[in-house]
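# Commentary on secondary and tertiary structure
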Amino acid sequence: MADHPKVLISGAGPVGLTLANELVRHGIPVRLIDKAAHRTDKSKALVLWSRTLELFDDAGYATDFMAAGVPAHGARISTGTEVVAEISFDVIDSRFAYALMIAQSETERVLEERLAAAGVTVEREVGLTGFTDTGSSVRATLAKTNGIPEAVEADWLVGCDGAHSAVRHGLGFEFEGSTLQSHWALADGHVSGLSPGDHLHIFWHRDGILAFFPIAADRWRVIADLGPARGADTHPDPTLDQINALMARRGSPGIVMSDPVWLAAFRINERKVRDYSRGRVFLAGDAAHIHSPAGGQGMNTGMQDAFNLAWKLALVIEGAANSSLLDSYSRERSAVGDRVLRNAGLMTEAATLRNPLLQHVRNAILQFAAGFPQIRHRVADQLAEMDIGYPDSPLTARSVEVSDGPKPGERWPQRLPEGTGGRRFTALGPAVVVTALAARFPRLVTAVPGGHTLQLVRPDGYVGFAGSSADSARAEAYLAALA
C-alpha cells in the first residue's frame, strides 16, 4: 500500500482488479479498496470473450485464467424441438477463437492473487464516503468497519464500484436508463441431459427464453424469463423444483438440474452515464454502464474500460504523454458503452417476444440469416467484441490512406511484441523510419522494424496511425501531439 497512491481505485471486482493489475504492471502505485469483506463466491459474470483474452495476452497473463475456465466453441438456438441457428465460435478472428467460460469468483481470484504477488493487497471492508477534486489531486474520505474515518490523497480516483457507485454519486452524474418490466430467474447447479457440453444452449420457447451456459464439468448457469413485472415489485427466488419445471417445459427432453449452488430472481437494468470522467475522477465498468446479460459482454466491456484507461493514466503519470490524452477515455469508451447497451437490449427484446406470430417471424428470419457463413461469422465476432474500434477517437489519425492492413481506429490483428502491450506505442515499418521515431519519443514508442507500411499501434492494440514511409513527418506530428 502506498502512503500517497498515484491512483485510488474504489471497487475490487473484476474491473477494479484489472485496472490495479495493469497500473502495477507499469510500476504505478495504487490503492484498491472495497466495502465487501471477501471477494464474491458467486458465478455472476461467466465469460471472458476473445478480445478481452487478447488484451490479457498482450499484457502477459491470459494463461492465468485458462486453468480456471473451460472453452465454449459455439451457441445453439432452438425451440426445444427444432434448431433455429447454430453459431460457431471457431470462426472468431482471434488467436482465442472461443468463449472462455469462467465463474466470476474464479476471475476475481486469479486477478487478486496476481495483484498480491506484486505486493498489493485489496483493502476490504473499506468504503469511499466522499471526495474532492482539488485540481492537482483528489482528497478522499474512507470509512472502515471500526468506524474511524481516514483521509487519503491521491493523484487520481477511479470508481469501479458497481451499479450503486459512490464515485458516480459523488460526481453527480445521472445514471440514465430504465429497469425492464420483466422478472428473471437464475440457477447455478449441476445439469444433465445437455449436449454438446461445450456450447451455449438457448431455447426460444413460446412462453419465454431458457438459456444454459457451461461453467465447469457438469455445472451450468440457467437463466429464464418469468414474464412481466409491475413497477418496482420483486419476485421470490426460485426453488429447484421450479427451475426443473421450467426446463422440462421449455427445453429439450431429459434436462435436469441437481445440487444447486445459487438460486436467485432478478430484474434487468439498462443504464449508462453520458461521461466517464470529470477532472481527475473516472468511472469504469458497472459504475458507468449496466445492461442486459444477453451476450455476456458486461464484465468484458468493463475490463476493456480498465485496459483503455490504464495505459493512458500510466503514460501521463510517467510524464511520457500530456494530460490531454486522458480526454480520449470517456469519448472512446462511452461510444462503446452505447453500442453494447443497444446490442444487448436488441438481443433481449428478440428473445422475449410474446406474440406467437412475431416469434414465428423472428425464428424464420434468424434461420434464414444463419444459413449464410458471413453472417454467422459477423455475429460471432460481435459477441466476442472483435469488431470494436475507435474510428471517431481523437487518437485516430485521419486523411491517411492505407492499401492493406487495418485502418486507423481498427484492432491490430496480431499479438503485440513482447513487452509493448499496455506500455508504449509500437511503431512498425521501415527500420530507418521507426527507429527515428523511437529515438525522438523514447518513452512513448517502441520500434519494431519490418514491412513497407508505417503503423503506430496503441498500447491496447488499436491502430492510431497508418501510412507509408513517406508519411513519417505526419507520424511524428501525431506522436508530438501526445507527448
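### With respect to the overall build of the protein chain
Summing up its helical and strand segments, the protein chain has twelve helices and 26 strands in all. Taken against the 2.2 N^0.38 rule, which gives 23 Å for 483 residues, the C-alpha radius of gyration of the protein chain at 23 Å falls within 12% of a compact globule. Dimensions of the protein chain, computed from C-alpha atoms along their principal axes, come out at roughly 65 × 60 × 40 Å. Here the protein chain holds 483 residues, and 55% of them are scored as buried.

### Concerning the sheet that holds strand β1 (residues 7-10)
Pairing within the open sheet is mixed, and its six strands lie in the order β8-β2-β1-β12-β21-β20. Each edge of the open sheet is held by one strand with a lone partner, namely β8 (123-124) and β20 (277-278). In the packing of helix α7 (residues 298-317) onto the sheet, contacts are made with β1, β12 (156-159) and β21 (281-283), and the angle to β12 comes to roughly 175°.

### Some details on the sheet that holds strand β17 (residues 219-228)
In a beta sheet, neighbouring strands are held together by backbone hydrogen bonds and run either parallel or antiparallel to one another. The strand order across the open sheet formed by seven strands is β6-β5-β15-β16-β17-β14-β18, and the pairing between neighbours is mixed. Pairing within the sheet leaves two strands with one partner each, and these edge strands are β6 (83-88) and β18 (256-266). With strand direction ignored, the average angle separating the axes of adjacent strands in the sheet is 15°. Bridge count between strand β15 (residues 199-205) and strand β16 (residues 208-216): five bridges; the pairing is antiparallel. Note that in β16 the partner of Phe 203 across the bridge is Leu 210. Its contacts with the sheet put helix α9 (residues 356-369) on β5 (74-78), β6 and β15, and the angle it makes with β6 is roughly 40°.

### Thoughts on the packing of aromatic side chains
Applying the stated rule across the entire model yields 15 aromatic pairs. On the numbers, 5.6 Å between centres and 85° between planes, the contact of Trp 311 with Phe 425 is edge-to-face. Separated by 114 residues along the polypeptide, Trp 311 in helix α7 and Phe 425 in strand β23 (residues 425-429) bring together distant segments of the chain. One exposure class covers both Trp 311 and Phe 425, and it is buried.

### Considering a nonpolar patch on the surface
A cluster of nonpolar side chains, namely Phe 368, Phe 372, Ile 375 and Val 379, defines an oily patch on the protein surface of about 340 Å² accessible area. Look at Phe 368 and you get exposed, because its relative accessible area is 59%.

### Concerning the environment of Gly 279
Of note, Gly 279 is situated in the loop between β20 and β21. A relative accessible area of 56% places Gly 279 in the exposed class. Every residue in contact with Gly 279, bar those within four places of it in the chain, is listed here: Asp 133 and Trp 156.

### Points about the environment of Pro 238
As for its placement among the helices and strands, Pro 238 is situated in the loop between β17 and α6 (240-250). The class of Pro 238 is buried, set by a relative accessible area of 8%. Between the alpha carbons of Pro 238 and Ala 187 there is a distance of 8.1 Å; along the sequence they are 51 residues apart. Not counting residues within four places of it along the chain, the set of residues in contact with Pro 238 comprises Ala 185, Leu 186, Ile 243, Leu 263, Ala 264 and Ala 265.

### Concerning the pairing of β6
Relative to β6, β5 is paired through five bridges, and the arrangement is antiparallel. Note that in β6 the partner of Gly 74 across the bridge is Ser 88. From the end of β5 to the start of β6, which pair antiparallel, there are four residues, and Gly 80 there has a positive phi angle of about 105°.

### Remarks on the packing of α7 against helix α8 (residues 327-351)
Where α7 contacts α8, the two axes come as close as 10 Å, and the packing angle between them is 170°. If you check the angle between α7 and α8, you find them roughly antiparallel. Of the residues in α8, those touching α7 at Thr 301, Gln 304, Asp 305, Asn 308, Leu 309 and Lys 312 are Ser 328, Tyr 329, Glu 332, Arg 333, Val 336 and Val 340. Looking at side-chain class alone, the contact of α7 with α8 contains four nonpolar, four polar and four charged residues.

### Considering the side chain of Arg 221
Counting through the fold element by element, Arg 221 comes out in strand β17. For the buried residue Arg 221, which engages in no salt bridge, the nearest side chain bearing the opposite charge is Asp 188, 5.2 Å off. Polar side-chain contacts of Arg 221 include one of 2.6 Å to the backbone oxygen of Lys 44. Those residues in contact with Arg 221 that lie beyond four places of it in its chain are Ser 43, Lys 44, Leu 46, Leu 186, Ala 187, Ala 211, Phe 212, Phe 213, Ile 215 and Trp 262.

### With respect to the pattern of salt bridges
Enumeration according to the criterion identifies 32 salt bridges in this entry. The shortest N-O distance in the salt bridge between Asp 58 and Arg 95 comes to 3.0 Å. Of the two residues, Asp 58 is situated in helix α2 (residues 50-59) and Arg 95 in the loop between β6 and β7 (99-101); the sequence distance between them amounts to 37 residues. The salt bridge involving Arg 440 is made with Glu 476; its shortest N-O contact spans 3.2 Å. Of this pair, Arg 440 sits in helix α11 (residues 431-440) while Glu 476 sits in helix α12 (residues 472-482); the two residues are 36 residues apart in sequence, bridging distant segments of the chain.

### Quick word on the packing of helix α1 (residues 14-25) against helix α4 (residues 104-117)
For the pair α1 and α4, the least separation of the axes is 9 Å and the interaxial angle reads 25°. As judged from the angle between their axes, α1 and α4 are roughly parallel. In the packing of α1 onto α4, the handedness of the crossing is left-handed. Mapping the contact onto sequence places Pro 14, Leu 17, Thr 18, Ala 20, Asn 21 and Val 24 in α1 and Gln 104, Glu 108, Leu 111, Glu 112, Arg 114 and Leu 115 in α4. Of the residues that constitute the contact of α1 with α4, the class distribution is six nonpolar, three polar and three charged.

Rules and cut-offs
Residues numbered from 1 in each chain as written. Predicted model: local features only at pLDDT ≥ 70, side-chain atom pairs only at ≥ 80, totals over all residues. Heavy atoms only, no water. Helix = DSSP H or I, 4+ residues; strand = E, 2+ residues; numbered from the N terminus. Rg over C-alpha atoms; globule rule 2.2 N^0.38 Å. Buried < 20%, exposed > 50% of the residue type's maximum accessible area, 1.4 Å probe, protein only. Pairing = 2+ DSSP bridges. Contact = heavy atoms within 4.5 Å. Axes fitted to C-alpha atoms, helices over the stretch in contact; angles between N-to-C directions. Phe/Tyr/Trp six-rings, centres within 6.5 Å; stacked < 30°, edge-to-face > 60°. Patch = residues over 30% accessible without salt bridge, like charges linked within 9 Å, V, L, I, M, F, W, Y side chains within 5 Å. Areas by Shrake-Rupley, 256 points an atom, 1.4 Å probe, with all protein chains shown as cover. Salt bridge = Lys/Arg side-chain N within 4 Å of Asp/Glu carboxyl O. Parallel < 35°, antiparallel > 145°, perpendicular 65-115°, else oblique. Nonpolar A, V, L, I, M, F, W, Y, C, P; charged D, E, K, R; others polar. Lys, Arg positive; Asp, Glu negative; His and termini not counted. Polar contact = N/O pair within 3.5 Å; in protein donor to acceptor, adjacent residues only side chain to side chain. Left-handed = near helix turned anticlockwise from the far one by under 90°.

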